[in-house]
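# Fold and geometry: a report
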Amino acid sequence: MSMSVGSSSAKDADPEPMMEMNMTPLIDVLLVLIIMLIITIPKQNHSVNLNMPTGTPPPMTDVKPVVVTIDVDFDGTILWDGEVIPDRAALEAKMNAVAAMADQPEVHLRPNKLVEYKVVAGVMASAQRIGVTKIGMVGNEQFQ
């Protein structure tokens, strides 16, 4: 009298693989990464250190800067403070005088909106080559 447990085909079959992933190592690695992140975060400061000047401030002077205005008309005519400049050499001579000053005046370049770009670019290139440092483009309502 023998006892049979299960069928004969079940004994010959391989056991099925386990389909679950072991989460314990993954959770351990994540916990270690979180702890490392918390340790490496810098301490929050609620104050900002500034090096403020000490002593009395220098006296305020209301000295207005000297301004030279260069207008470029629609036909390419260049005006230096309202005076017509006949050619590029005369313009560069005036710019040399400005560049030679210890405290250079501000040069405001006001081109007409209809003038060709090459004329304005030529004036700016001359100023850069000569060494005029305080030059800027200014809107001109009169010539527009």
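Residues numbered from 1 in each chain as written. Predicted model: local features only at pLDDT ≥ 70, side-chain atom pairs only at ≥ 80, totals over all residues. Heavy atoms only, no water.

An unreviewed UniProt entry lists the protein chain under the name Biopolymer transport protein ExbD, with Massilia aurea given as the organism. Looking at the Subunit (unreviewed entry) heading of the UniProt record, one finds this comment for the protein chain: "The accessory proteins ExbB and ExbD seem to form a complex with TonB." Annotation of the protein chain in UniProt includes, under Sequence similarities (unreviewed entry), the sentence "Belongs to the ExbD/TolR family." (UniProt positions renumbered as here; feature names shortened; annotations may be inferred.)

### Brief notes about the sheet that holds strand 2 (residues 78–80)
Here we have 5 strands laid out as an open sheet, ordered 3-2-1-4-5, and mixed in their pairing. With one partner strand each, in any of the chains shown, strand 3 (83–85) and strand 5 (135–137) form the two edges of the open sheet. Each strand of the sheet is rotated relative to its neighbour by a mean of 30°, with strand direction disregarded. Of the pairings in the sheet, the one linking strand 2 to strand 3 comprises 3 bridges and is antiparallel in character. Looking at the pairing, W80 lines up with E83 of strand 3. (Pairing = 2+ DSSP bridges. Helix = DSSP H or I, 4+ residues; strand = E, 2+ residues; numbered from the N terminus. Axes fitted to C-alpha atoms, helices over the stretch in contact; angles between N-to-C directions.)

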